Amino acid sequence: MSKKFYITTTLPYINADPHIGFALEIIRADALARFKRAQGDDVFFNTGTDEHGLKIYQKAQELGMDVQKYCDEHVEGWYKLKNALNLSYDNFIRTTDEHHIKAAQEFWRRAMANGYIYKKQYKIKYCVGCELEKTDSELVDGKCPLHPNRELEVIEEENYFFKFSEFQNKLLELYKNNHDFVVPATRLNEIKKFVEMGLEDFSISRLKSKMPWGVPIPNDDEQVMYVWFDALVNYISAIGWPDDEEKFNSWWPGVQVAGKDNLRQQSAMWQAMLMAVGSPNSEKIYINSFITSNGQKMSKSLGNVISPYEMIDKYGTDGTRYLLLSLNTFSDDMDITWQGMDDKFNADLANGLGNLVARVSNLLEKNEISINVDAKNEELKNKVVEQIELFRSDEAIKFIWEVLRKCDEVLTIKQPWKMADTDKIKNVLEPIAQNILVCADLLLPIMPETAAKIKDVFTAKEIKKGESLFPRI
RNA sequence: CGCGGGGUAGAGCAGUUGGCAGCUCGCCAGGCCCAUAACCUGGAGGUCACCGGUUCAAAUCCGGUCCCCGCAACCA
């Protein structure tokens, strides 16, 4: 029986446009999913959209639209990403899906039955100027930075709370017993420290009168679930929880990919929630760093936003996948610029891989040579597999490019274009073409179309040079 | 003394069982001419933030200083 592998991204908020950071997240998940499939594993790859909450509700109100209809329209922008980035996900969940809503409610019931949900009064700081609730971290000197002359109102509200505080020791134990539960290690360390400092219960509901756009709470008409409480449940509702237990158990626990802004939610809160309903914890959580542009956070006001669609226009789907997968997302925030990406595209893809395929296939065509395609390079394969397993596609790419570079070097030294004897030419070109084929195989999870094209070129009976893979920019 | 990360060639980075300081891009010179003005070779360029300590030997270990960046909870 083949191994089961479940991987999921986080669910982006539906009202925003697809962000480059999410593109990175989902491409990385996609590459790992494709890799596992190529290894023969049975893979389930989940993504989707988070569709509840105040922001979405307000936006729909602004537009005078029915909220569900607003979501139905906006989800199209997210569906588009599948083709644009050539994603291979098996499931696209929407938190407004009927099944998901029922799952979230069942999750609530069980957590409640186990004594981890309770009601309490709590104080909200409210800025009349903004007409918004303010958290302490938003305040400057105890005042709203936008309206420093107004006093904040304190409103008492009764909400449901989740007993997060009870899970401190269990979470610490989880981290202690699973040294790579959160990858990279620095993030595990970060969350460990956070949990060690002590946990406070958090509110998981909102008054329906103020914000009706949420999952209804079982046995309470006055409140709805706070958006992320329901959203997190998607990771298990997507694989059949709670009604299809067999399916659920066959896939869970799974691997999660998230941005560093999600470290707490995924590796602490969500894990505590799973404990609260008696489900196993996640298998592993990969935390990506952020992508910055010109050293700054991308923001509309700075005008330095790079959208995935712009990248695709310029570099193509595989070019975009390559550039993003070349980043080391486990280090500091990664800075990208158009100039830098142009340079890398030209160096690695146009001058590197593309040019190499062109020169080799051209020589094979001119001399009418076909090659034995049964090629192996175990050493390279092992190194690449190891890195992909560690979620280090950037390192895997480095190993592959070392080999490609070597191919260029051998060509220059042996100068097969000067040779007259076809056998001698073949002796030079065949091993090179075979190495390229091995690389193509290994590149399949990273650049699926390009890998297929390269395979087509060199496995043909009559090899033809064909179109260039990556024209220079 | 809140928590965490970082400061290595012009740029981006790698480099912990301590042992002549590396990679990619860019730059300069040469080679090659099959290929996408592509490819190959060589070179210039760094007192590894600073100060002190341990050691035969420190980018790497220890102590201190300066600077930068995240987070500080319900911002899903």
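Here, every reference points to the structure presented above.
Predicted, not measured: the structure shown is a model, and the values here were computed from it.

Caption draft 1: Highlighting the layout of surface pockets. If you add up the space inside the second largest pocket, you get close to 350 Å³. Lining the second largest pocket are 15 residues, with Gln39, Lys381, Val438, Asp441 and Leu442 sitting closest to its centre. Elements with a minimum of two residues in the lining of the second largest pocket: α1 (20–38), α13 (378–389) and α15 (422–443). Top element by residues in the lining of the second largest pocket is α13. It accounts for 4 residues. Tallied by class, the residues present in the lining of the second largest pocket amount to 9 nonpolar, 2 polar and 4 charged. Looking at which domains feed residues into the lining of the second largest pocket, each of domain 1 (4–288) and domain 2 (337–459) supplies at least three.

Caption draft 2: View of the environment of Thr8. Assignment of secondary structure puts Thr8 in strand β1 (residues 4–8). On the basis of relative accessibility, which here comes to 0%, the residue Thr8 falls in the buried class. Here the alpha-carbon distance between Thr8 and Ala258, two residues 250 residues apart in the chain, equals 8.9 Å. With sequence-adjacent residues up to four places away left out, Thr8 is seen in contact with Asn46, Tyr235, Val255, Gln256 and Val257.

Caption draft 3: Region of interest: a negative patch on the surface. A contiguous patch of negative charge on the surface is contributed by Asp243, Asp244, Glu245 and Glu246. Among the secondary structure elements, Asp244 is positioned in the loop between α8 (234–237) and α9 (245–251). Judged by its relative accessible area of 35%, Asp244 is partly exposed.

Caption draft 4: Region of the structure containing the protein's contact with RNA strand B. Taken together, 48 residues lie near RNA strand B, and Lys55, Tyr226, Trp228, Asn262 and Lys465 sit nearest. Counting only the atoms of RNA strand B within 4 Å of the protein, the fraction contributed by sugar and phosphate is 72%. Arg359 places a polar side-chain atom, nitrogen or oxygen, 2.4 Å from a base nitrogen of RNA strand B. In this structure, a phosphate oxygen belonging to RNA strand B sits 2.4 Å away from a side-chain N or O atom of Lys465. Those elements giving two or more residues to the surface near RNA strand B turn out to be α6 (185–196), β8 (202–203), α7 (227–232), α10 (263–276), α12 (338–366) and α14 (393–414). Sorting elements by how many residues they give to the surface near RNA strand B places α12 first, with 11 residues. Looking at the surface near RNA strand B, its residues break down into 14 nonpolar, 16 polar and 18 charged.

Caption draft 5: The arrangement of the sheet that holds strand β9 (residues 205–207) in detail. Reading across the sheet, the 3 strands line up as β9-β11-β10 and stay open at both edges, with antiparallel pairing between neighbours. A single partner strand is all that each edge strand has here, and the edge strands are β9 and β10 (216–217). Direction of pairing for β10 relative to strand β11 (residues 220–225): antiparallel, over a ladder of 2 bridges. Residue pairing in the sheet places Ile217 in a bridge with Asp220 of β11. Helix α4 (residues 98–113) contacts β9, β10 and β11 of the sheet and is inclined by roughly 105 degrees relative to β11.

Caption draft 6: Structural context of the pattern of salt bridges. Within the structure shown, the criterion is met by 25 salt bridges. When the shortest N-O distance is used, the salt bridge between Glu166 and Lys163 registers 4.0 Å. When the shortest N-O distance is used, the salt bridge between Lys406 and Glu409 registers 3.6 Å. Remark: Glu409 and Lys406 occur in helix α14; sequence separation between them is 3 residues, near one turn of the helix. What makes Lys406 partly exposed here is its relative accessible area of 45%.

Cut-off values and rules
- Residues numbered from 1 in each chain as written.
- Chains lettered and ligands numbered in written order.
- Predicted model: local features only at pLDDT ≥ 70, side-chain atom pairs only at ≥ 80, totals over all residues.
- Heavy atoms only, no water.
- 1 Å grid on protein atoms, 1.4 Å probe; cavity = no way out; pocket = protein on both sides within 12 Å on 5 of 7 lines; lining within 4 Å.
- Points joined across faces, edges and corners; volume = space filled by probe spheres on them.
- Helix = DSSP H or I, 4+ residues; strand = E, 2+ residues; numbered from the N terminus.
- Nonpolar A, V, L, I, M, F, W, Y, C, P; charged D, E, K, R; others polar.
- Domains from an automatic or database assignment.
- Buried < 20%, exposed > 50% of the residue type's maximum accessible area, 1.4 Å probe, protein only.
- Contact = heavy atoms within 4.5 Å.
- Patch = residues over 30% accessible without salt bridge, like charges linked within 9 Å, V, L, I, M, F, W, Y side chains within 5 Å.
- Areas by Shrake-Rupley, 256 points an atom, 1.4 Å probe, with all protein chains shown as cover.
- Salt bridge = Lys/Arg side-chain N within 4 Å of Asp/Glu carboxyl O.
- Lys, Arg positive; Asp, Glu negative; His and termini not counted.
- Charge placed at Lys NZ, Arg CZ, Asp CG, Glu CD.
- Near = heavy atom within 4 Å.
- Polar contact = N/O pair within 3.5 Å; in protein donor to acceptor, adjacent residues only side chain to side chain.
- Pairing = 2+ DSSP bridges.
- Axes fitted to C-alpha atoms, helices over the stretch in contact; angles between N-to-C directions.

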